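If you want the building blocks of each chain, they are given just below.
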Amino acid sequence: MFFGLVACEENISLDPKTVSEITYCFQDASVPPEYHRSYCITIYKAHGTIEVDSYGDLLVKEEFKLKGGEFESLVSIINETQLKVCDSNNDPTCSGSTSELISIKEGQQEVYHRYIDNCNGDYNSSECGDIIGVIEAIEAFVPQLESLLR
């Protein structure tokens, strides 16, 4: 069930020449440390990083290279998902659930920021674009993601 208001603007339109950084972070729910896995994937023009932690204890930090055209392809996929800048107010909020963050920068300026509290269910409403599509495209850069989260 979705509570609150969603205010959306026009679709964001990104230029691969000006985008400098694309980040996706997953914050795990409150579970015992041996099961807790949060992670951030950051994609830059020529490389990316993944960091996996359990309650702040860094478990994995890896860097990977991007092949020619992969960054531009990711930006194109994000444009196709028709993301919009949406402000949502998921009241009532809860504690202990998972949360996610998508951030896109041009230079040092953040041009897109979406925090998702997964407390209330489906956050991939069409009003904000295909957020799941963006997450899947970013996670695809780390094919060994499942094994890194063990």
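Residues numbered from 1 in each chain as written. Predicted model: local features only at pLDDT ≥ 70, side-chain atom pairs only at ≥ 80, totals over all residues. Heavy atoms only, no water.

**Q** Let's hear about the state of the cysteines: which residues, and what values?
**A** By definition, a disulfide links the sulfur atoms of two cysteines through a covalent bond. Inspection of every chain in the model, using the stated rule, returns one disulfide. The disulfide bridge from Cys 25 ends at Cys 40, spanning 2.0 Å between sulfur atoms. Taking the torsion about the S-S bond as the criterion, the Cys 25 to Cys 40 disulfide, at about 115°, is right-handed. Of the two residues, Cys 25 is situated in strand β2 (residues 19–27) and Cys 40 in strand β3 (residues 38–43); the sequence distance between them amounts to 15 residues. For Cys 40, a relative accessible area of 29% puts it in the partly exposed group. (Disulfide = S-S within 2.5 Å. Helix = DSSP H or I, 4+ residues; strand = E, 2+ residues; numbered from the N terminus. Buried < 20%, exposed > 50% of the residue type's maximum accessible area, 1.4 Å probe, protein only.)

**Q** Got a sec to walk through the side chain of Ser 103? Specific residues and values, please.
**A** Of note, Ser 103 is situated in strand β7 (residues 99–106). Accessibility expressed as a relative area gives 7% for Ser 103, which makes it buried. Looking at Ser 103, its side chain comes within polar contact range of the side chain of Glu 110, at 2.5 Å. Leave out the neighbours within four places in its chain, and Ser 103 touches Glu 21, Ile 22, Thr 23, Glu 110 and Tyr 112. (Polar contact = N/O pair within 3.5 Å; in protein donor to acceptor, adjacent residues only side chain to side chain. Contact = heavy atoms within 4.5 Å.)

Shape descriptors only; they carry no functional weight alone.
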